[in-house]
Amino acid sequence: STVVLASTTPIFAFLITSLITRHEPATLLKLLGALLGLAGTTVIVGLDALRGFGSEIVAEIAILLATISFACATIFGLRLSEYDPMVVAAGSLLFGGLILLPASLIVDHPWTLRPTTEALVATVAMGIFSSAFGLMLFYMCLTRLGTLTTNAQGYLRIPIGVGLSVLLL
């Protein structure tokens, strides 16, 4: 059920765009595309995942709030389209890091950790390739494609995640 809930970003982006911001045309065809994407996600994950809805309501609400937040961030990110995507990505990551720093100092006590070289290299690689480069590409797509089309990438998480799980696990 987590994957199905997390894949609702395009639907929330469509609803927010068509009902609130109206910054780009929210056509019936785009709504149909969002609903078909959700149906495809449900088929990939399996209908058995839908049976678990409601059993962990707090977690499910948290996932939906995160999904709505991502849709809103995409719409807000469009306002930053006049800036270089590298600058927006760097600013986003730096701001997020500053927000999380106090909590990580309290919870993780980083001065007590002894990371291996392999762990440090993996952290740097993930930071550069997955976070920084991925975020830069995301802002480039947002500028060129708009919010509704860019949010459709949310549906790719499922087949890629399932495929990588099968391949690696």
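Residues take numbers from 1 onward in each chain, read along the sequence in its written order. In keeping with the model being predicted, local features are shown solely for residues with a pLDDT of at least 70 and side-chain atom pairs are shown and tallied solely at 80 or more, while totals for entire chains, interfaces and linings include all residues. Excluded from the side-chain calculations are hydrogens and water; all other atoms, namely the structure's heavy atoms, are used.

Attention shifts here to the overall build of the protein chain. Within the protein chain, the secondary structure is distributed over eight helices and zero strands. Reading the secondary structure of the protein chain in the N-to-C direction produces α-α-α-α-α-α-α-α. When accessible area is computed with a 1.4 Å probe and restricted to protein chains, residues below 20% of their type maximum are described as buried, those above 50% as exposed, and intermediate ones as partly exposed. Here the protein chain, with 169 residues, has 24% of them falling under the buried criterion. Here the analysis covers contacts within the protein chain between residues at least 6 apart in sequence; of these, 83% occur between residues at least 24 apart. Only DSSP runs of H or I reaching four residues or more are called helices, and only runs of E reaching two or more are called strands; each is numbered from the N terminus. Contacts: residue pairs with any heavy atoms within 4.5 Å of one another.

Below, the discussion takes up the side chain of Thr 74. Note that Thr 74 resides in helix H4 (residues 57-77). You can call Thr 74 buried: its relative accessible area is 1%. Two N or O atoms count as a polar contact when they lie within 3.5 Å, although within protein this holds only if one can serve as hydrogen donor and the other as acceptor, and sequence-adjacent residues are included solely when both atoms are side-chain atoms. Of note is the side chain of Thr 74, whose polar atom sits 2.8 Å from the backbone oxygen of Phe 70. When residues no more than four places from it in sequence are discounted, the contact partners of Thr 74 are Phe 138, Leu 142, Thr 147 and Asn 151.

Here the focus is the layout of surface pockets. Within this model, the largest pocket holds a volume of roughly 290 Å³. Taken together, the elements giving at least two residues each to the lining of the largest pocket come down to helix H6 (117-145) and helix H7 (147-151). Among the elements that take part in the lining of the largest pocket, H6 stands out by supplying eight residues, more than any other. Buriedness for pockets is judged along seven lines, at least five of which must meet protein on both sides within 12 Å for an open set on the 1 Å grid over protein atoms alone, while cavities are sets there where a 1.4 Å probe fits but cannot get out, and lining residues have an atom within 4 Å of a point. Grid points are joined across faces, edges and corners, and a volume is the space filled by probe spheres set on the points. Its boundaries defined by the atoms lining it, the second largest pocket holds a volume of some 190 Å³. Around the second largest pocket, the lining residues are Phe 70, Ala 73, Thr 74, Phe 76, Leu 80, Ser 92, Leu 135, Phe 138 and Tyr 139. When contributions to the lining of the second largest pocket are tallied by element, the ones reaching two or more residues are H4 and H6. By residue number, the principal contributor to the lining of the second largest pocket is H4, which donates four residues. We call Asp, Glu, Lys and Arg charged. Ala, Val, Leu, Ile, Met, Phe, Trp, Tyr, Cys and Pro are nonpolar, and the rest, Gly among them, are polar. Of the residues belonging to the lining of the second largest pocket, the class tally is seven nonpolar, two polar and no charged.

Among the structural elements, Ala 26 can be located in the loop between helix H2 (9-21) and helix H3 (28-45). Taking the C-alpha atoms as reference, Ala 26 lies 9.7 Å from Ala 13; in sequence the two are 13 residues apart. In this structure, Ala 26 is in contact with Phe 14, Thr 17, Ser 18 and Leu 148, ignoring residues within four places of it in sequence.

Right, let's get into the packing of H2 against H4. Packing of H2 against H4 leaves a shortest axis separation of 9 Å and a crossing angle of 55°. By the angle between their axes, H2 is oblique relative to H4. Between H2 and H4 lies a crossing of right-handed hand. Side by side, H2 and H4 meet where Thr 9, Phe 12, Ala 13, Ile 16, Thr 17 and Thr 21 of the first sit next to Leu 64, Thr 67, Ile 68, Phe 70, Ala 71, Cys 72 and Ile 75 of the second. In this analysis an axis means a line fitted to C-alpha atoms, helices contributing only their contacting stretch, and an angle means the value between N-to-C directions, from 0 to 180 degrees. Any angle that falls under 35 degrees is termed roughly parallel, while one over 145 is termed roughly antiparallel, one within 65 to 115 roughly perpendicular, and all others oblique. Each helix crossing is assigned a hand: it is left-handed if the near helix lies turned anticlockwise from the far helix by less than a right angle, otherwise right-handed if that turn is clockwise.

Scope: geometric values only; no functional claims are made or implied.
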